[in-house]
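For reference, the chains in residue letters:
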Protein chains: 2
Amino acid sequence: MRTYKLTITYDGSRYQGWQRQANTENTIQAILERSISGLVGYNVKVDGASRTDAGVHARGQVASIELSKAYDTDELLENINRYLPEDIRIADIKLVKNGFHARKDSKGKKYEYYVDCREKPDVFSRRYCYHYPVKLDIIAMKKAAEHLIGTKNLASFTDDRERVDTIRTITDIKLVPSGDKLRITVYGTGFLYHMVRIMVGTLLAVGSGDISADMMPVIIAAEDRSTAGPLAPARGLFLRKVYY
Amino acid sequence: MRTYKLTITYDGSRYQGWQRQANTENTIQAILERSISGLVGYNVKVDGASRTDAGVHARGQVASIELSKAYDTDELLENINRYLPEDIRIADIKLVKNGFHARKDSKGKKYEYYVDCREKPDVFSRRYCYHYPVKLDIIAMKKAAEHLIGTKNLASFTDDRERVDTIRTITDIKLVPSGDKLRITVYGTGFLYHMVRIMVGTLLAVGSGDISADMMPVIIAAEDRSTAGPLAPARGLFLRKVYY
């Protein structure tokens with residue numbers, strides 16, 4: 001068996017997220033597995049680094065697969081892309097050391113969230129950003145974001161109520177405004193269910209004045225989802241890069 | 001009756017073009033007429049400046065409508081947008097002089113065409129540009145475009161074979177490269193069916209070396225569609241502005 005590392009981009013708009021599900025064929029993992037298995041003639045499992053939610057996009061999802069023999073990676077890439085719908089594209093394939101696992105071996109991830117604060121929604125970017133027509137206090141948002149950086153119990157920032165081990169490390173959060181738009185980049189070594197979107201929702205609540213930046217330590221300490229801000233919509237979120 | 005001037009943006013991806021058709025409800029004009037008529041309670045005709053093709057987008061389509069009374073235009077705009085699908089948006093409504101007609105009164109139009117020459121197609125911009133992975137000779141394209149400017153018989157640049165009056169005035173064509181992307185802007189006082197897309201297809205054929213820039217006067221003089229380049233896809237084209 002040979003192990004390959006795939007870098008994948010997708011427009012998540014019309015999919016039920018990354019992960020294979022019993023009740024639908026419409027997930028990115030299922031489509032990739034079907035396409036690659038159809039191509040090579042036997043069942044191939046595609047292990048992704050991140051289980052992105054329904055509607056979330058990726059510019060740099062990474063997945064690992066095991067194939068029975070060595071392939072020319074350029075040809076393999078072209079052949080898989082030919083089987084895929086045009087909103088899912090393999091950007092790169094590399095032969096890697098046997099046993100490489102995209103999720104287990106990942107050292108960290110970078111997510112980007114796009115906010116459009118213009119008065120009116122834009123018909124062309126509406127699938128790829130959150131239209132939030134508010135004049136944001138970026139200084140307050142940066143102050144609030146500082147509190148999230150480090151190794152902390154982030155139970156307030158997940159919708160997974162079953163999860164016990166909720167300690168995660170956020171290595172950096174960057175807020176880059178550009179005109180009436182804002183990009184929020186979150187770097188971390190591990191992420192809880194809905195974590196980036198709840199962090200963004202909370203930061204936007206700070207930016208709009210609904211929550212004070214000083215409340216951030218209180219929200220974290222509460223370890224209670226109801227103290228944090230709303231879940232920001234999936235459409236603004238991109239898995240940008242996975243680190244190894 | 002009061003006449004209103006509407007400025008409209010739309011993502012044309014999932015529509016059968018602007019113009020009302022007998023066999024489908026899925027045109028932008030039909031959807032606007034249904035929405036506005038439903039709102040005011042009587043039949044309203046929406047006259048557009050440009051009959052954009054299926055898949056073509058607009059950032060500045062203009063249409064005129066006649067309503068029985070004076071409305072607060074801000075409220076009217078909000079109410080119409082509430083009835084519209086999210087990929088069609090009214091950007092502006094103005095009360096204008098009675099008798100104003102968006103198409104008949106237009107003095108010119110500006111179209112933009114977006115080309116993506118990167119090696120691989122991008123899943124996020126694929127609906128809004130033509131993926132043409134070729135290193136273009138922009139100098140040759142500019143030289144070729146020069147020949148199109150002026151008042152000429154442009155019969156070679158339309159797929160409407162019935163049309164007799166094929167003399168049109170192109171006032172300017174601008175080619176603005178940015179990295180591996182290219183924007184082609186065409187300004188003119190009147191446009192034939194498929195004209196911008198055939199011009200773009202011909203300019204791209206020049207840029208890729210399939211047609212020499214010096215052939216442009218020959219193609220124009222031929223007054224024969226078969227001498228020009230291919231029809232560029234609808235997805236790259238935007239109606240940008242209508243002049244009055």
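Not measured: the values here are computed from a predicted model.

Side note on the packing of aromatic side chains
The full count for this structure, using the stated rule, is 14 aromatic pairs over all chains. Clustering of aromatic rings is evident, with ring pairs tying together Y114, Y128 and F238 of chain A together with F124 of chain B. Above the ring of Y71 of chain B, the side-chain terminus of K69 of chain B is found at 4.6 Å from the ring centroid.

Digging into the packing of helix α3 (residues 138–146) of chain B against helix α4 (residues 195–207) of chain B
Residue and element names in this part refer to chain B. Where α3 meets α4, the closest approach of the two axes is 8 Å, and the angle between their N-to-C directions is 140 degrees. Classified by the interaxial angle, the pair formed by α3 and α4 is oblique. Classified by chirality, the crossing of α4 by α3 is right-handed. Taken together, the residues of α4 that come into contact with α3 (itself represented by A140, M141, A144 and A145) are L203, L204, V206 and G207. Broken down by class, the residue content of the contact of α3 with α4 amounts to 7 nonpolar, 1 polar and no charged.

Some details on the interface of chain B and chain A
Accessible area lost upon the coming together of the parts is a frequently used measure of interface size. At the interface, 22 residues of chain B touch 22 residues of chain A. Where chain B abuts chain A, roughly 1,700 Å² becomes buried across the two surfaces, and 54% of that area is made up of carbon and sulfur atoms. Per-residue buried area on chain B facing chain A is highest for V123, F124 and R126 of chain B; these three make up 37% of the total on that side. Where chain B touches chain A, the interface holds 10 salt bridges. Salt-bridge contacts for R126 of chain B lead to D11 of chain A; the nearest nitrogen and oxygen are separated by 3.0 Å.

Observations regarding the domain arrangement of chain A
Residues and elements named next belong to chain A. Domains assigned within chain A are domain 1 (2–96) and domain 2 (108–243). Computed over C-alpha atoms, the centres of domain 1 and domain 2 are 27 Å apart. For the pair domain 1 and domain 2, the summed buried surface comes to about 1,200 Å²; carbon and sulfur atoms form 58% of the total. The interface formed by domain 1 and domain 2 holds 1 salt bridge in total. Among the ionic pairs, R197 bridges to D53, the shortest N-O distance being 2.9 Å. At the boundary of domain 1 and domain 2, one finds 9 residue pairs in polar contact (both at pLDDT 80 or more). Looking at the side of domain 1 that touches domain 2 residue by residue, the class counts come to 5 nonpolar, 7 polar and 3 charged.

Describing the relation of the copies chain B and chain A
Between the two copies, chain B and chain A, the superposition gives an RMSD of 0.0 Å; the rotation angle is 180 degrees and the shift along the axis is 0.0 Å. Both copies are brought into coincidence by an operation consistent with a two-fold rotation axis. Proximity to the rotation axis, assessed at the C-alpha, singles out S125 of chain B in chain B; its C-alpha lies 4.7 Å from the axis. Taken together, the interface assignments show that 100% of the residues at the interface of chain B recur at the interface of chain A, consistent with an identical surface on both copies.

What about the environment of T171 of chain B?
All names here are of chain B. Along the chain, the position of T171 falls in strand β8 (residues 167–178). Separated by 23 residues in the primary sequence, T171 and L148 have C-alpha atoms spaced 9.0 Å apart. Ignoring anything within four residues of it in the chain, the contact list for T171 reads I149, Y187, G188 and T189.

With respect to the pattern of salt bridges
Here the structure, examined in full by the defined rule, presents 39 salt bridges over all chains. Between R126 of chain B and E86 of chain A there is a salt bridge whose closest N-O contact spans 3.5 Å. Here E86 of chain A lies in the loop between α2 (73–83) and β4 (88–96) and R126 of chain B lies in the loop between β5 (108–116) and β6 (130–131), a pairing that spans two chains.

As for α2 of chain A
All names here are of chain A. Those residues of α2 not exposed but buried are L76, L77, I80 and N81. Down the axis of α2, the buried side of the element spans an arc of 130 degrees, and every buried residue falls inside it. Across α2 from its buried face, at more than 90 degrees, point the exposed residues D74, E75 and R82. Looking at the buried side of α2, the elements it contacts are β1 (2–10), α1 (28–40), β3 (57–67) and β4. Its side-chain oxygen at 3.0 Å from the backbone nitrogen of D74, D72 defines the N-terminal cap of α2.

Procedures and definitions
- Residues numbered from 1 in each chain as written.
- Chains lettered and ligands numbered in written order.
- Predicted model: local features only at pLDDT ≥ 70, side-chain atom pairs only at ≥ 80, totals over all residues.
- Heavy atoms only, no water.
- Phe/Tyr/Trp six-rings, centres within 6.5 Å; stacked < 30°, edge-to-face > 60°.
- Lys NZ or Arg CZ within 6 Å of the ring centre and 35° of its normal.
- Axes fitted to C-alpha atoms, helices over the stretch in contact; angles between N-to-C directions.
- Helix = DSSP H or I, 4+ residues; strand = E, 2+ residues; numbered from the N terminus.
- Parallel < 35°, antiparallel > 145°, perpendicular 65-115°, else oblique.
- Left-handed = near helix turned anticlockwise from the far one by under 90°.
- Contact = heavy atoms within 4.5 Å.
- Nonpolar A, V, L, I, M, F, W, Y, C, P; charged D, E, K, R; others polar.
- Buried area = accessible area lost by both parts, 1.4 Å probe.
- Salt bridge = Lys/Arg side-chain N within 4 Å of Asp/Glu carboxyl O.
- Domains from an automatic or database assignment.
- Polar contact = N/O pair within 3.5 Å; in protein donor to acceptor, adjacent residues only side chain to side chain.
- Least-squares fit on C-alpha atoms with pLDDT ≥ 70 in both.
- Buried < 20%, exposed > 50% of the residue type's maximum accessible area, 1.4 Å probe, protein only.
- Arc of directions from axis to C-beta.

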